Amino acid sequence: MFKLVGNEENKPFMEKYMRNQFPFLGVKTPERKAQSKELIRQSKQLALTELFAEIDRLYQLEEREYQYVAIDLAYANVNRLEFTDLKKLTAYIQLKSWWDTVDAWRKIFGTYVVKHPAEKDAVFYLFYAHDNFWMRRVGILLQLLEKETLDPRLLTQAIEYDSNTDEFFIQKAIGWALRNYSKYNPAWVKAFIESHSLSQLAVKEGSKIINKK
């Protein structure tokens, strides 16, 4: 059974960075990836039922690094996943939630929609208007990996739904999504910001690149 070997010296710094919400083993990212390399390699040969069982087992373990390994497993196998598999994975976004795991899961969903553009709407609506704000954060940031293929209709829906939500991680996500899209379509982002009532944080974050031009 896979087990990480931690470093006691790293633990207090890693736990403090996450505001002491989770216990850590003290395994930094490069070492975690080195220790889990063989597990990741073997996971690609597992049946999906076995893969999901291992993801679940790791996610139930106490130390935070095991959640990171679980997400690494899912990401390594994203090419094998179908929409029904993605739907199952949304449950983990809502477990032990904080920005570190939520944003890591977002990358998996974002990668999936790049590979399966016809299913983008279906994936988006897994998150849109969800009761859990971390799920909605994923919806706002779902297209972060995209450039010209980004669908401004979905981005508009996600932002408008939460434009007045008094939650830092939502407003930060709105700004991040707008800032990222402004690299490719600054005129659209500028017009969007001017035509919508957004929080100061969202406007500040979303306008950073535009204001430099």
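So, here is what we can say about the structure in this document. Just so it is clear, the structure is predicted and the values come from calculations on it, not from any experiment. (Residues numbered from 1 in each chain as written. Predicted model: local features only at pLDDT ≥ 70, side-chain atom pairs only at ≥ 80, totals over all residues. Heavy atoms only, no water.)

### Concerning the nonpolar core
One recurring pattern in soluble globular proteins is that nonpolar side chains are buried together. Formed by 64 residues in total, the largest nonpolar core has its most connected members in Ile55, Leu89, Ile93, Trp105 and Phe109. The residues touching isoleucine 55, leaving out its near neighbours within four places in the chain, are Ala70, Leu73, Ala74, Leu89, Tyr92 and Trp105. (Core = buried A, V, L, I, M, F, W, Y, C linked by side-chain atoms within 4.5 Å. Buried < 20%, exposed > 50% of the residue type's maximum accessible area, 1.4 Å probe, protein only. Contact = heavy atoms within 4.5 Å.)

### Quick look at the pattern of salt bridges
Overall, the coordinates contain 15 salt bridges when judged by the stated rule. Of the charged contacts, one joins aspartate 103 and arginine 137 as a salt bridge, the two residues approaching to 2.8 Å between their closest N and O atoms. One end of the pair, aspartate 103, is in helix H6 (residues 99-115); the other, arginine 137, is in helix H8 (residues 133-141), with 34 residues separating them in the sequence. Accessibility assignment for this pair places aspartate 103 and arginine 137 in one class, buried. The partner of arginine 153 in a salt bridge is aspartate 121, and the shortest N-O contact between them spans 3.1 Å. With arginine 153 in helix H9 (residues 152-162) and aspartate 121 in helix H7 (residues 120-124), the pair connects residues that are 32 residues apart, well separated along the chain. For arginine 153, a relative accessible area of 40% puts it in the partly exposed group. (Salt bridge = Lys/Arg side-chain N within 4 Å of Asp/Glu carboxyl O. Helix = DSSP H or I, 4+ residues; strand = E, 2+ residues; numbered from the N terminus.)

### Some remarks on the layout of surface pockets
Empty space among the atoms becomes apparent when a probe as large as a water molecule is rolled across them. There is about 430 Å³ of room inside the largest pocket. Residue lining of the largest pocket: 18 residues in total, with Thr29, Arg32, Tyr68, Asp100 and Ala104 positioned closest to the centre. Looking at the lining of the largest pocket, the elements that each hand over two or more residues are helix H1 (11-17), helix H2 (29-43), helix H4 (64-76) and H6. When residues of the lining of the largest pocket are assigned to their parent elements, the largest contribution, five residues, is made by H6. In terms of residue class, the lining of the largest pocket is made up of eleven nonpolar, one polar and six charged. (1 Å grid on protein atoms, 1.4 Å probe; cavity = no way out; pocket = protein on both sides within 12 Å on 5 of 7 lines; lining within 4 Å. Points joined across faces, edges and corners; volume = space filled by probe spheres on them. Nonpolar A, V, L, I, M, F, W, Y, C, P; charged D, E, K, R; others polar.)

### Describing the packing of aromatic side chains
Inspection of every chain in the model, using the stated rule, returns 17 aromatic pairs. Between the aromatic rings of tyrosine 17 and tryptophan 99, the centroid separation amounts to 6.0 Å while the plane-to-plane angle is 85°, which identifies the pairing as edge-to-face. Highlighted residues: tyrosine 17 in helix H1 and tryptophan 99 in helix H6, separated in sequence by 82 residues. Of the residues examined, tyrosine 17 reaches a relative accessible area of 57% and is grouped as exposed. (Phe/Tyr/Trp six-rings, centres within 6.5 Å; stacked < 30°, edge-to-face > 60°.)

### Side note on helix H5 (residues 83-93)
Turning to H5, its buried residues number three or more, namely Asp85, Leu86, Leu89, Thr90, Tyr92 and Ile93. Taken around the axis of H5, the buried residues stretch over an arc of 155°, which confines them to a single face. Summarising the geometry of H5, the exposed residues directed more than 90 degrees from the buried face are Lys87 and Lys88. Close packing links the buried residues of H5 with helix H3 (48-60), H4, H6, H7 and H8. (Arc of directions from axis to C-beta.)

### What to know about H3
In a regular helix each residue adds 1.5 Å, so 13 residues correspond to 18 Å; H3 covers 18 Å between its end C-alpha atoms and thus fits that length. Here H3 has its buried residues at Leu51, Phe52, Glu54, Ile55, Leu58 and Tyr59. With its buried residues spanning 160° around the axis, H3 presents them on a single face. Contacts from the buried residues of H3 go to H2, H4, H5 and H6. (Expected span 1.5 Å × (residues − 1).)

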